[in-house]
Amino acid sequence: MNTVVTSREDILQHSRQLIQRQGWGVVSIRTVAQACGVSVGSIYNYFGSKAELVGAVVESVWQEIFQLPQGTEGFADTAACVSWLYGRMEYGSRAYPGFFTLHALRFTGDEKQDGRRRMQRAWQQLLDALCAVLRQDPRVRPGAFDSRFTPERFADVLFSLMLSAMLRQDFDYAPALEIIRRTLY
């Protein structure tokens, strides 16, 4: 057995692969150590508890699913960004079955708070990126935004639609694109 893990990311990568093959129920210090080919103590060098490991794995799954292309400048406009986000949601649903609906149920006690915090941090990064794209979108007509209807408020609306789509497992982004077209362009 290899007693040295190359990195924290190596552990998270093996954990993600374990989840993809066998589901969330198998994640434990022991199964992750086995998947990495290391001792249980090696995992504890990076994660102090199962709760810490699971929280970090949840965060790494969110990051893997929604790894933004080279910054928000990679999107031509808001419609392209939203299309990409829905595509990534569909990928995440296939690669990590049940992740969008079930991973919060895996947490108990203190794990729930940490898991929720990590999920919200991932969501905030997506929301911030969406806001940046809205502010830079050359197709937005003059006067589309004002003090009552800001890019941030519209991003909240679009993000709410995305969260609903995640829960329903409905990745048809055409309605969201139509809302963008009618509201902004």
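Nothing here was measured: the structure is a model prediction, and the numbers come from that model. (Residues numbered from 1 in each chain as written. Predicted model: local features only at pLDDT ≥ 70, side-chain atom pairs only at ≥ 80, totals over all residues. Heavy atoms only, no water.)

When you go through the chain residue by residue, the secondary structure sums to 9 helices and 0 strands. Counted from the first residue to the last, the chain has its helices and strands arranged as α-α-α-α-α-α-α-α-α. Within the chain, counting contacts between residues at least 6 apart in sequence, those at least 24 apart form 74% of the total. Accessible area for the chain stands at about 9600 Å²; split by element, carbon and sulfur atoms hold 50% of it. (Helix = DSSP H or I, 4+ residues; strand = E, 2+ residues; numbered from the N terminus. Contact = heavy atoms within 4.5 Å. Areas by Shrake-Rupley, 256 points an atom, 1.4 Å probe, with all protein chains shown as cover.)

What follows concerns helix α8 (residues 151–168). Counting along an α-helix, one turn takes 3.6 residues, and residues three or four places apart therefore face a common direction. Here α8 is 18 residues long and its end C-alpha atoms lie 26 Å apart, about the 26 Å a rise of 1.5 Å per residue gives. Directly after α8, the chain includes Gln169, whose backbone phi takes a positive value near 60°. (Expected span 1.5 Å × (residues − 1).)

On to the pattern of salt bridges. Following the criterion strictly, the structure yields 7 salt bridges and no others. Here Asp170 makes a salt bridge to Arg168, at a shortest N to O gap of 3.1 Å. Across the pair Arg182 and Glu178 runs a salt bridge whose closest N-O atoms are separated by 2.8 Å. Pair noted here: Arg182 and Glu178 are both in helix α9 (residues 174–184), with a separation of 4 residues, about one helical turn. For Arg182, a relative accessible area of 63% corresponds to the exposed category. Given a relative accessible area of 28%, Glu178 falls into the partly exposed group. Each of Glu178, Arg181 and Arg182 takes part in one network of salt bridges that share partners. (Salt bridge = Lys/Arg side-chain N within 4 Å of Asp/Glu carboxyl O. Buried < 20%, exposed > 50% of the residue type's maximum accessible area, 1.4 Å probe, protein only.)

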